[in-house]
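# Breakdown of the fold
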Amino acid sequence: MRDFLRIAMVTTAIVAPVLAFVPPSSFSRAARTRVNVHPPKNGIPVRPVTLDPKLVPIIYDGPKAEGGEVKREVGAILEEYMLALEVGPSSVVQGERGLYIRLIGKDVEESTVEWGSILCGYGEGSMQPLPGAGDKSVLFSLPTAESAVFYNKELVPIFEVLASLPDGTGLQGHDVSIGHKGLMQVKPVPDFTGDKYFVPKNGLPNKAAFIGLFANDLAIGGPNPPISKDEYEDASDMGNIAALVWRVVYDQDKKMVVPSRPVVTFGRAVTFQNKVPMELGLRYGWRFWENMGESVE
């Protein structure tokens with residue numbers, strides 16, 4: 001059994017059909033209004049980024065570990081929040097591992113985490129042109145200029161990253177353009193053949209911080225799974241408190257912003273009061289489950 005490692009979290013920072021996670025596109029944790037402004041000469045257009053309403057903390061009440069304990073294989077401590085993460089048999093998905101969270105500290109009664117804070121790394125692995133075996137590969141696809149990314153230890157919309165870099169800077173696997181109203185537009189290139197998948201290594205990680213891939217989508221695991229995108233969104237909002245966000249870097253030689261790895265974040269503000277481990281959910285997205293259904297038909 002691997003050691004239960006102690007780490008300090010720093011708030012910085014799919015083949016037919018393809019099965020992969022596509023991280024959500026909404027920009028989160030905005031303390032100030034960010035505006036996609038690339039003005040033409042005849043005026044300054046203003047389009048504020050839509051702020052997600054999930055800023056008010058909820059008290060987490062997820063599926064409890066069987067018997068009140070996790071048969072832990074690996075884990076980590078989020079010292080800043082006095083929370084423990086543990087990987088063990090899922091209480092929701094039979095035969096799979098799950099990721100659990102619980103409050104630690106004798107005198108600690110609750111802990112509140114802001115939306116957008118880093119939960120853990122997704123996994124150990126690398127960027128590759130094709131997805132790996134299984135369903136844990138993550139596709140680098142940013143559908144809009146407002147898509148959230150981690151860059152230079154900050155959670156920002158991708159248009160802000162591109163606007164801060166030299167003119168002509170590209171985004172790997174995407175078209176970047178400026179519309180007639182001066183708004184930056186970002187669109188994935190469907191036939192891009194370069195490195196566009198983060199493919200995690202099989203098995204348990206060497207570093208306890210990279211355990212996010214063991215989290216299951218709790219919007220799907222119940223007795224009445226959603227049958228439409230709207231139903232999925234509602235169930236995901238209720239059951240999944242974690243979301244994937246890409247970390248990106250600037251490649252000066254390529255003059256391009258490129259993906260580094262996905263990071264698991266808190267997808268909403270949450271207050272934890274549970275000393276008993278509860279399984280936490282990670283949003284996979286309706287598109288993922290549509291593709292999964294097609295692959296088994």
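### Some details on the confidence of the model for the chain
For any part of a model where pLDDT is low, the fine detail of the predicted coordinates should not be relied upon. Across the chain, the average pLDDT comes to 82, with 80% of residues at or above 70. Under a pLDDT of 50 for its full length, residues 1-35 has, in the predicted model, 132 contacts with residues more than four places off or in other chains.

### Considering helix α2 (residues 229-239)
Buried residues of α2: Y232, E233, S236 and G239, and no others. Considered in projection along α2, the buried side chains sweep an arc of 145° and stay on one side of the axis. Of the exposed residues in α2, those oriented more than 90 degrees away from the buried face are D230, D234 and M238.

### Some thoughts on the pattern of salt bridges
Under the definition given, this model contains six salt bridges. In this structure, the salt-bridge partner of R72 is E86, at a minimum N-O distance of 3.1 Å. Of this pair, R72 sits in the loop between β1 (58-59) and β2 (74-78) while E86 sits in strand β3 (residues 83-89), and the two are 14 residues apart along the sequence. On the basis of relative accessible area, R72 is assigned to the partly exposed category, the value being 26%. Judged by relative accessible area, E86 falls into the buried class, the value being 3%. Of the charged contacts in the structure, one is a salt bridge between E86 and R102, with a shortest N-O distance of 3.0 Å. You can see E86 sitting in strand β3 and its partner R102 sitting in strand β4 (residues 97-103), a full 16 residues away along the chain. Among the charged side chains, a network of salt bridges with common partners joins R72, E86 and R102.

### Considerations on the sheet that holds strand β7 (residues 125-128)
Reading across the sheet, the three strands line up as β7-β14-β8 and stay open at both edges, with antiparallel pairing between neighbours. With partners counted over all chains shown, the strands left at the sheet margins are β7 and β8 (138-139), one partner each. Relative to strand β14 (residues 197-200), β8 runs antiparallel, the two being bridged by two bridges. Considered in β14, the bridge of L139 is made with Y197.

### So, the environment of V189
Tracing the chain through its elements places V189 in the loop between β13 (184-188) and β14. Given a relative accessible area of 24%, V189 falls into the partly exposed group. Aside from chain neighbours lying at most four places away, what touches V189 is G173, H174 and D175.

What counts as what
Residues numbered from 1 in each chain as written. Predicted model: local features only at pLDDT ≥ 70, side-chain atom pairs only at ≥ 80, totals over all residues. Heavy atoms only, no water. pLDDT = per-residue confidence, 0-100. Contact = heavy atoms within 4.5 Å. Buried < 20%, exposed > 50% of the residue type's maximum accessible area, 1.4 Å probe, protein only. Helix = DSSP H or I, 4+ residues; strand = E, 2+ residues; numbered from the N terminus. Arc of directions from axis to C-beta. Salt bridge = Lys/Arg side-chain N within 4 Å of Asp/Glu carboxyl O. Pairing = 2+ DSSP bridges.

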